[in-house]
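Tertiary structure, described
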Amino acid sequence: MDSQSQPPRRQRVLSGLRPTGNVHIGHLAGALENWIELQKKFECYFFIADWHALTTHYADTKNLQNDIRENVKDYLAAGLDPEQAVLFLQSRVPEHAELHLLLSLITPLGWLERVPTYKEQREQIRDKDLGTYGFLGYPVLQSADILMYKADYVPVGEDQVAHIELTREICRRFNSFYGSVFPEPQAMLTSAARLPGTDGRKMSKSYGNAIYLGDPEAAIREKVSNMLTDPARKRRSDPGNPDICPVFAYHKLFSPAATVEMVNVECRRAGIGCVEDKKLMTANLVQALAPIQERRRQYENRPQDVWNVLEEGSHKAKQTAEATMEQVRAGMNLKPGGTEKKTAE
Ligand code: TRP
């Protein structure tokens, strides 16, 4: 058979998310909708980075299994399809730990100390001691996640680009020492603008400003009715500026184009008030979430199904991981008995 008759390997995509408990509409707009599109076109590996969660939340792990299960329910409900993409749990593929160790051997400390997220988080997170070996190694573990599957593309947000750059450097260093085992992965930036929280800040569980995929309709109404709008618009008769209004940002994602256009015009000339505008947006948001919530309910009473999806996915991931590790071990001469190199006389 000539090489041309072989179908080319589908390009591979890999990404991970730390388990955070509940998934909010910011995750949906930022990562999930993108993943759902990618699973149709690429060979995709998506995973829950439970070990990464522990690099910061190591002291209290009691909610970990609960958070993982709820996350997977949300992902499945949002449309990630285990028939199309491999959905797995990082800690169920312990090869990641082995590769992490081997990559840590060749990663200069200076590279890690220079990573911007490392410096920022050491300064900003004060309620936890992040002066640990594991936290410094966070991007090495991430590199192991990516290189393990020989990913071509890694869909991530802007904040992760430095980690992908580091992965590429580690990749080149590994290949230069031990032969080219790994292709260089590329970041694939999510184009969706960041969806603000209900108070206009970044949407985050810790700010209490998030709308969750599983929120009941009444909770959504309540949250939206308290949403911040253009602060300069004090009275109904004041014109507003949709460009700085979080409600408008939600319209752009959840409302039909005609509604977005109408609000864009009417808000600026005080033709529609914030209360009415919020009601309109809520209706569209509730409608957009309805099929997701319906699917989520189906998993509600079947937690075992959720674990089964992860087990099956992890089993598939492990096969790919094992194949890569065989090449890594061979490249590094870690195979017992291995190749007997002839020494020059
Ligand atoms: N660091 C990523 C985040 O915080 C999560 C992550 C872990 C990841 N391993 C990964 C993302 C590998 C992409 C590829 O969002």
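Residues numbered from 1 in each chain as written. Predicted model: local features only at pLDDT ≥ 70, side-chain atom pairs only at ≥ 80, totals over all residues. Heavy atoms only, no water.

The next subject is the site of the ligand. Of all residues adjacent to the ligand, which total 14 residues, the nearest are R18, Y138, Q142, D145 and Q160. For the ligand, a nitrogen atom lies 2.9 Å from a polar atom in the side chain of Q160. Bound to the protein, the ligand loses 94% of the 370 Å² it would expose on its own. Only β1 (12-17), α8 (138-148) and β4 (153-156) provide two or more residues apiece to the shell around the ligand. No other element matches α8, which puts 4 residues into the shell around the ligand. The class makeup of the residues in the shell around the ligand is 7 nonpolar, 5 polar and 2 charged. (Near = heavy atom within 4 Å. Polar contact = N/O pair within 3.5 Å; in protein donor to acceptor, adjacent residues only side chain to side chain. Areas by Shrake-Rupley, 256 points an atom, 1.4 Å probe, with all protein chains shown as cover. Helix = DSSP H or I, 4+ residues; strand = E, 2+ residues; numbered from the N terminus. Nonpolar A, V, L, I, M, F, W, Y, C, P; charged D, E, K, R; others polar.)

Turning to the nonpolar core, a few remarks are in order. Judged by nonpolar contacts, the single largest core of 52 residues is most densely connected at I25, Y250 and L285. The residues that make up this core include at least three from each of domain 1 (8-196 + 303-344) and domain 2 (216-298). Judged by nonpolar contacts, the second largest core, of 39 residues, contains W111, V140, C171 and M325. (Core = buried A, V, L, I, M, F, W, Y, C linked by side-chain atoms within 4.5 Å. Buried < 20%, exposed > 50% of the residue type's maximum accessible area, 1.4 Å probe, protein only. Domains from an automatic or database assignment.)

According to the domain assignment, the protein chain consists of domain 1 (8-196 + 303-344) and domain 2 (216-298). Computed from C-alpha coordinates alone, the two centres of domain 1 and domain 2 are separated by 36 Å. Taken together, the contact between domain 1 and domain 2 spans 13 residues of the former and 10 residues of the latter. Together, the buried faces of domain 1 and domain 2 total about 960 Å²; carbon and sulfur atoms form 69% of this surface. The interface formed by domain 1 and domain 2 includes 2 salt bridges. Viewed at the interface, domain 2 and domain 1 are joined by 4 residue pairs in polar contact (both at pLDDT 80 or more). Every element with two or more residues in the side of domain 1 that touches domain 2 is listed here: α1 (25-41) and α3 (64-78). No other element matches α3, which puts 6 residues into the side of domain 1 that touches domain 2. Tallied by class, residues from the side of domain 1 that touches domain 2 come to 8 nonpolar, 2 polar and 3 charged. (Contact = heavy atoms within 4.5 Å. Buried area = accessible area lost by both parts, 1.4 Å probe. Salt bridge = Lys/Arg side-chain N within 4 Å of Asp/Glu carboxyl O.)

As a further point, take unusual backbone geometry. Unusually for a residue other than glycine, A270 sits at a positive phi of about 55°. Within the secondary structure layout, A270 lies in the loop between α12 (257-268) and α13 (274-300). A positive phi is found at N333, a non-glycine position, where the angle reads about 60°. In this structure, N333 sits in the segment after α14 (303-331).

Positionally, N175 belongs in helix α9 (residues 161-178). Polar side-chain contacts of N175 include one of 2.7 Å to the backbone oxygen of F182.

Here the focus is the pattern of salt bridges. When their charged atoms lie close together, side chains carrying opposite charge are able to pair. Enumeration according to the criterion identifies 26 salt bridges in this entry. The residue E70 makes a salt bridge to R69 at a minimum N-O spacing of 3.3 Å. Note on E70: relative accessible area 13%, which makes it buried. Here E326 and R329 are joined by a salt bridge, their closest N and O atoms 2.7 Å apart.

Looking at where V286 falls in the secondary structure, it is placed in helix α13. V286 sits in the buried class, given a relative accessible area of 17%. Taking the C-alpha atoms as reference points, V286 and I220, separated by 66 residues in sequence, lie 7.6 Å from one another. Aside from chain neighbours lying at most four places away, what touches V286 is E217 and I220.

Here we come to helix α4 (residues 95-106). An ideal rise of 1.5 Å per residue puts 16 Å on 12 residues; α4 measures up with 17 Å between its terminal C-alpha atoms. Along α4, the residues that are buried comprise E95, H96, L99, L102, L103 and I106. Along the axis of α4, the buried positions cluster into a sector of 130°, meaning they face one direction only. Buried positions along α4 lie against α2 (50-56), β3 (85-89), α8, α9 and α14. (Expected span 1.5 Å × (residues − 1). Arc of directions from axis to C-beta.)

Centre distance and the angle of the planes are the two values used to describe a pair of aromatic rings. Taken as a whole and judged by the stated rule, the model has 11 aromatic pairs. The interplanar angle of 70° and the centroid separation of 5.9 Å between the aromatic rings of F42 and Y153 together place this pair among those described as edge-to-face. Taken as a pair, F42 in the loop between α1 and β2 (43-48) and Y153 in strand β4 lie far apart in primary sequence, 111 residues in all. For F42, a relative accessible area of 14% corresponds to the buried category. Between the aromatic rings of F47 and F88, the centroid separation amounts to 5.1 Å while the plane-to-plane angle is 20°, which identifies the pairing as stacked. A residue pair is termed long-range when its members are at least 10 positions apart, and F47 in strand β2 and F88 in strand β3 qualify at 41 residues. Accessibility assignment for this pair places F47 and F88 in one class, buried. (Phe/Tyr/Trp six-rings, centres within 6.5 Å; stacked < 30°, edge-to-face > 60°.)

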